[in-house]
Amino acid sequence: MMATGKHGVITTVHPAATEAGAAALKDGGTAIDAMIAASATLAAVYPHMTGIGGDALWMLNDGRIRTIMGYGQAGQIQPSGGITQRGPGAVATTAGALASWQTALNISVHEWQSSLALPQLLEHSIHWARTGSAISESQAFWIQQRKQLLTTLPDLAPICRNSNGSLLDAGDRMVQTQLANSLEQLANKGIADFYKGDIARALNTGFKQLECGLTLADLAATRAPEVEPVRVRYRDGYFYNFPAPSQGLFTAKAMASLNQYPIKALGNGSAAYYHLMVEAIKKSLLQRNRELRDPARDNWDYLAAIEPFSIDQNQAMPWNEVGQPADTIWMAATDKEGRTACLMQSLFHDFGSGCMIGDTGILWSNRAAGFNQNPMHPNAWAPGRRPANTLNPSCYLADNGQQMFFRSQGGDCQPQTQLILATQLVDFQQSIEEALNAPRFLLGRSFFDSTDNLKLEANIDPSVKSQLAQLGHDIETIPALSPYTGLAGVVNVHKNGQASAMHDPRGQGNAIAL
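Please read these numbers as outputs of a predicted model, since none were measured by experiment.

Draft legend 1. Representation of the packing of aromatic side chains within the structure. Scanning the entire structure with this criterion turns up nine aromatic pairs. Between F239 and F406 the ring centres are 6.4 Å apart and the planes differ by 45°, which places this aromatic pair in the tilted class. Residue F239 is found in strand 9 (residues 237-241), and its partner F406 is found in strand 13 (residues 403-408); the two are separated by 167 residues along the sequence. In this pair, the class of F239 matches that of F406, namely buried. One aromatic cluster is present, built from ring pairs that chain together F194, Y195, F207 and W364. Across from the ring centre of Y238, 3.8 Å away, lies the NZ or CZ of R231, which sits over that ring.

Draft legend 2. Quick look at the nonpolar core. Core analysis: the biggest nonpolar cluster contains 86 residues, and W58, W101, F194 and W364 have the highest contact counts within it. Counting residues in each nonpolar core, the second largest holds 56 residues, with M255, Y274, L419 and V426 among its members.

Draft legend 3. Geometry of the sheet that holds strand 16 (residues 475-478). The strand order across the open sheet formed by three strands is 14-15-16, and the pairing between neighbours is mixed. Either end of the sheet is taken by a strand with one partner, and the two such strands are strand 14 (441-443) and strand 16. Put simply, the sheet's adjacent strands are angled 25° from each other on average, direction ignored. When strand 14 meets strand 15 (residues 454-457), the two strands line up antiparallel, connected through three bridges. Its bridge partner lying in strand 15, L443 is registered against L454. Contacts between helix 18 (residues 462-470) and the sheet are confined to strand 15 and strand 16, with strand 16 contributing the most and set at about 155° to the helix.

Draft legend 4. View of the pattern of salt bridges. In this structure the tally under the stated criterion is 18 salt bridges. E279 serves as the salt-bridge partner of K282, at 3.0 Å between the closest nitrogen and oxygen. Here K282 and its partner E279 are both found in helix 15 (residues 271-291), three residues apart, which amounts to about one turn of the helix. Residue classification places E279 among the buried positions, given a relative accessible area of 2%. Close ionic contact of R386 with D294 constitutes a salt bridge, the shortest N to O distance being 2.8 Å. With R386 in the loop between strand 11 (340-348) and strand 12 (394-398) and D294 in the loop between helix 15 and strand 10 (327-334), this residue pair connects regions lying 92 residues apart in the sequence. Judged on exposure class, the residue R386 and its partner D294 are both buried.

Draft legend 5. Geometry of the pairing of strand 11. Burial of strand 11 is extensive: nine of the nine residues sit out of reach of the surface. The side-chain alternation of strand 11 yields two buried faces, one formed by T340, C342, M344, S346 and F348 and the other by A341, L343, Q345 and L347. Bridge count for strand 10 against strand 11 is seven bridges, and the pairing is antiparallel. Looking at the pairing, D327 lines up with F348 of strand 11.

Draft legend 6. Broad picture of the sheet that holds strand 2 (residues 9-12). Taken in spatial order, the seven strands make up an open sheet running 7-4-3-11-10-2-19, and their pairing is antiparallel. In this open sheet, the two strands that pair with only one neighbour each are strand 7 (226-227) and strand 19 (510-513).

Draft legend 7. Highlighting unusual backbone geometry. Cis geometry marks the peptide bond from A244 to P245, where omega comes out at 10°. Looking at where P245 falls in the secondary structure, it is placed in the loop between strand 9 and helix 13 (248-258). In this structure, Q113 is a non-glycine residue whose phi angle is positive, near 60°. Secondary-structure assignment places Q113 in the loop between helix 3 (97-110) and helix 4 (118-121). Q113 sits in the exposed class, given a relative accessible area of 57%.

Draft legend 8. Structural view of the environment of A296. Take A296: it is sitting in the loop between helix 15 and strand 10. Taking the relative accessible area as the measure of exposure, A296 reaches 61% and is therefore exposed. Considering only alpha carbons, one finds A296 and L168, 128 residues apart in sequence, at a separation of 43 Å.

Definitions and cut-offs
Residues numbered from 1 in each chain as written. Predicted model: local features only at pLDDT ≥ 70, side-chain atom pairs only at ≥ 80, totals over all residues. Heavy atoms only, no water. Phe/Tyr/Trp six-rings, centres within 6.5 Å; stacked < 30°, edge-to-face > 60°. Helix = DSSP H or I, 4+ residues; strand = E, 2+ residues; numbered from the N terminus. Buried < 20%, exposed > 50% of the residue type's maximum accessible area, 1.4 Å probe, protein only. Lys NZ or Arg CZ within 6 Å of the ring centre and 35° of its normal. Core = buried A, V, L, I, M, F, W, Y, C linked by side-chain atoms within 4.5 Å. Pairing = 2+ DSSP bridges. Axes fitted to C-alpha atoms, helices over the stretch in contact; angles between N-to-C directions. Contact = heavy atoms within 4.5 Å. Salt bridge = Lys/Arg side-chain N within 4 Å of Asp/Glu carboxyl O.

Okay, here's the thing in structure tokens:
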């Protein structure tokens, strides 16, 4: 359901998180405060997709678009067994999420004049972690999806198994006492404790047990700077995303390329429309896979990468790339002052590394798996390097004053669904409800299969699928409103100051207006 109000809105992937963020707004907090309260709550009630052991990106609008990059970096020492997809070898980058919280909180307090303190913002998360929450349908689904993997990752038992060892199901109660203790420590001592205090020392003990190579010095070196966003012209406005090492650079490139074509004239839902989207994604992902890396480690002029390309409108390019599925969450809020904050936070893959660090109850990400295995690739592991990252929230500021904030979860899926949302909202002037319900595609594999073909939702017209096949696309049909295409969300701030928000009908998230 869409929520609309003049005194603030918020949308998240889980109702408990939405309630926590709305409570912060009702107490006079800023949109940033709402995101902190909601994100902390998700660590307690939605731990398979996000948590304080991961990374985060922020997009803010307080009269100008501001972006905060909370990516962790590689340690100075590789894990003893090398980088792996899961397990100790995946615990090889620091966690930048909480560093990004601190950067955002500094803005909230010193520039946006927030009066809410961190203990108040963490109240909901501590409550849910200590007293327990019901397992969501999403978490239950992923527990079943990963039941074989769980046999090799015993640390996940607190969020995946009952006391008798059986797998948790939707509605079962999940308690995270150790996480509650860590959240209380953060509330009392501040976020710096995660990087330089008692929590940091507890994490370091866990790192030593795992032999993952991370150290106290690596934690202390983690930064989450405010960075310049990437901006490209699109129709009568500007599209914003994130610079390298975010793949947002190539989402922006795809948008700049689509701006050369009369999308509205092609017809909404036509074969020509979907073909253009798919081919733009192909070219962007190919360049991303070749070039994306941490620009801080060499002299890469990444802004040159957003130059638009041409698209063959009559023939599909061959597609042989191996997909890069991943998962995350996105949420956004607008406060009574009209300021907007969007937050993407992630463990990379569902359940991250599968390692709870020491006795902290903190599930660590497997973002190190984002490094390229080829030691000669520019995105190969190196001390202090940040891996290429899939997180890339977007916004669009129209020349007439309308503001749209949107994104979707899911690795390669993120830029694909963002192109659908952007063109639906901008080119076809759809409402956010219509845009989120619009049929989508997914090029490449999802977490559920090993095929790298073009997946089309079932409510795309059969004649359109036939025409796409004739253009050379390898077509597969997936269910309508399929979560394969990601769980998206949109916040729309209208010219009159009224704001609307909605979460994807493909998931269980919601929106609240004040």
